[in-house]
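The chain contents come next:
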Amino acid sequence: MSPPVAPPGWSRWLVPPAALSVHLSIGQAYAWSVFKPPLESALGLSGTQSALPFQLGIVMLGLSAAFGGTLVERHGPRWAMTVALVCFSSGFLLSALGAAAEQYWLIVLGYGFVGGIGLGIGYISPVSTLIKWFPDRPGMATGIAIMGFGGGALIASPWSAQMLKSFGTDNSGIALAFLVHGLTYAVFMLLGVLLVRVPRPRQRADGRPAPLEGVQVSARSALRTPQFWLLWIVLCMNVTAGIGILEKAAPMITDFFADTSTPVSATAAAGFVALLSAANMAGRIGWSSTSDLIGRKNIYRVYLGVGALMYALIALFGDSSKPLFVLCALVVLSFYGGGFATAPAYLKDLFGTYQVGAIHGRLLTAWSLAGVLGPLIVNWIADHQEEAGRHGSALYDTSFLIMIWLLVVGFAANELVRPVHARHHEPATTAPAPKEGNDVIRQQPESA
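Parameters at a glance
Residues numbered from 1 in each chain as written. Predicted model: local features only at pLDDT ≥ 70, side-chain atom pairs only at ≥ 80, totals over all residues. Heavy atoms only, no water. Helix = DSSP H or I, 4+ residues; strand = E, 2+ residues; numbered from the N terminus. Rg over C-alpha atoms; globule rule 2.2 N^0.38 Å. Buried < 20%, exposed > 50% of the residue type's maximum accessible area, 1.4 Å probe, protein only. Contact = heavy atoms within 4.5 Å. Areas by Shrake-Rupley, 256 points an atom, 1.4 Å probe, with all protein chains shown as cover. Lys, Arg positive; Asp, Glu negative; His and termini not counted. Charge placed at Lys NZ, Arg CZ, Asp CG, Glu CD. 1 Å grid on protein atoms, 1.4 Å probe; cavity = no way out; pocket = protein on both sides within 12 Å on 5 of 7 lines; lining within 4 Å. Points joined across faces, edges and corners; volume = space filled by probe spheres on them. Nonpolar A, V, L, I, M, F, W, Y, C, P; charged D, E, K, R; others polar. Patch = residues over 30% accessible without salt bridge, like charges linked within 9 Å, V, L, I, M, F, W, Y side chains within 5 Å. Salt bridge = Lys/Arg side-chain N within 4 Å of Asp/Glu carboxyl O. pLDDT = per-residue confidence, 0-100. Expected span 1.5 Å × (residues − 1).

Caption draft 1: Examining the overall build of the protein more closely. Along its length, the protein carries 18 helices and two strands. A compact globule built from 448 residues should have a C-alpha radius of gyration of about 22 Å, and the protein, at 22 Å, falls within 12% of that. On the principal axes, the C-alpha backbone points of the protein span a range of 80 × 45 × 35 Å. For the protein, buried positions account for 56% of its 448 residues. Sequence separation of 24 or more characterises 85% of the internal contacts of the protein that already satisfy a separation of 6 or more. Here the protein displays about 17000 Å² of accessible surface, and carbon together with sulfur accounts for 67% of that area. Side chains of the protein carry 27 positive and 22 negative charges; the gap between the two charge centres is 13 Å.

Caption draft 2: A look at the layout of surface pockets. Roughly 450 Å³ of volume is contained in the second largest pocket. Around the second largest pocket sit 19 residues that line it, and V34, A161, A266, T267 and A270 are the ones nearest its centre. Counting residues per element, the ones that place at least two in the lining of the second largest pocket are α2 (36-43), α8 (138-167), α12 (249-256) and α13 (266-294). Looking at which element gives the most residues to the lining of the second largest pocket, the answer is α8, with five residues. Of the residues that constitute the lining of the second largest pocket, the class distribution is twelve nonpolar, six polar and one charged.

Caption draft 3: Here's a closer look at a nonpolar patch on the surface. On the surface, L93, F167, L176, L179 and L183 cluster together to form a nonpolar patch covering roughly 400 Å² of accessible area. Of the residues forming the nonpolar patch, the biggest block, three residues, is contributed by helix α9 (residues 171-195). Here L183 shows up in helix α9.

Caption draft 4: Inspection of the pattern of salt bridges at higher detail. Considering all chains together, one arrives at six salt bridges under this definition. Among the ionic pairs, R137 bridges to D136, the shortest N-O distance being 3.5 Å. In this structure R137 comes out as partly exposed when scored by relative accessible area, which is 32%. D136 gets classed as partly exposed once you look at its relative accessible area, which sits at 47%. Close ionic contact of D349 with R296 constitutes a salt bridge, the shortest N to O distance being 2.6 Å. Here the residue D349 occupies a position in helix α15 (residues 322-351), and R296 occupies one in helix α14 (residues 296-317), the gap between them amounting to 53 residues. Look at R296 and you get buried, because its relative accessible area is 8%. What you see here is one network of salt bridges that share partners, running through R12, D136 and R137.

Caption draft 5: Highlighting the confidence of the model for the protein. Per-residue pLDDT for the protein has a mean of 86; in total, 92% of the residues score no lower than 70. Confidence over residues 430-448 falls short of pLDDT 50; this stretch has 43 contacts with residues more than four positions distant or in other chains.

Caption draft 6: Here's a closer look at helix α18 (residues 397-415). Spanning 19 residues, α18 covers 28 Å between terminal C-alpha atoms, matching the ideal 27 Å at 1.5 Å per step. The complete set of buried residues in α18 reads S399, F400, M403, I404, L406, L407, G410, A413 and N414. Along its buried surface, α18 packs onto α11 (226-246), α12, α14, α15 and α17 (365-387).

Caption draft 7: Summary view of the environment of S399. Note that S399 resides in helix α18. Its relative accessible area of 0% is what places S399 among the buried residues. Ignoring sequence-local partners within four residues, the contact set of S399 consists of I377, V378 and I381.

Caption draft 8: Quick look at unusual backbone geometry. You will see that E102, though not glycine, has its phi angle at about 55°, which is positive. Residue placement: E102 occurs in the loop between α5 (77-100) and α6 (104-124).

Caption draft 9: Structural view of empty space enclosed by the protein. Applying the stated rule across the entire model yields four cavities of 30 Å³ or more. By volume, the second largest cavity is sized at about 50 Å³. Considering the residues around the second largest cavity, the lining is formed by N238, A241, Y303, G307, Y311, V332, F335, Y336 and L407. Put simply, the parts of the chain that give the lining of the second largest cavity at least two residues each are α11, α14 and α15. For the lining of the second largest cavity, a count of residues per class yields seven nonpolar, two polar and no charged.

Here you go:
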């Protein structure tokens, strides 16, 4: 499948909706916590066990993005979106079969492994294409698309809760909900497959391809730079802190206020998940667009520094004030989403656009580790605290302290980021250097 090239006059503003159709679908992963209590009840699982499909899905997201990044660059966004559609929808269908047969391993295989591959390929499918369409505003462009991934749960959370209410929370009801998800998302993602286009190549006046401008670093060379690994640490720490709340959001807010005069119902907890999704989504477009104005390093200082402060406020005062708990959690999730959306633009600033999609895919292995680390810290500690007879906010005090220190580590790593040394730069091999009198670069007309 060759990348579909935009015809003359094609509007670049048609590309973000194509990306959104895929990202809004795969963003359902952030609504997994809605399925956790029913699965635990129907299949007799612990909190740690019910988190396994989500954790494996995030691991496979990072691994498939890392290994598939070069293929996405080679075959283009339409190929990638098609692979994502098949894997993500198939994952739900396998999960439906597993729930119906009460075979939890099939849910882990389907949602976690197969669906996780769809998550990774789908996540990176539009990123480099958007950066090429919007070189003037890379933070905004990637924020628009990646906003969809954060906003997926805004749709999926109440939708899933309503389905479980209608179909039932036993294994057959869960299976039917999974089946409806798989079929519906297949149709929705198909819109992106049909709509996406890549920009026409830039050319010199003589028709030859124009060389890329500015610093350009290959994916292989990027892995040899300290800048890549510093950004890897930054992303891993920021994601771990955010995903620790997000994966256990519904049970967490219920636990925090279970012993108060205003306990949180299951419906309200699902609404809290939707609010977190809205903050996640808004942070992706809002904070990433802000990074175009104040710079990537400065915006990550906000994500990591202020994020640590929010965690401290929740740990100290969260159980005494529901509005404070919700507000701090929303801020943390907005930083979580903003960190994802800003990462491709940060990579573009440091390594150029030459293989930014492949580099971004490799960077997402940080997400794989964080996808295991965040839920494991929160769920494992909460399970052990509950076994020790503790309850309420005491289930989370230790894990929140760990999150604060992780954010401090990420802040320090961001401070160490410097421009990439010239020895890692690619030579201008895209095309021969222009001769005197033939240095005019032309590009196919593009509708803004």
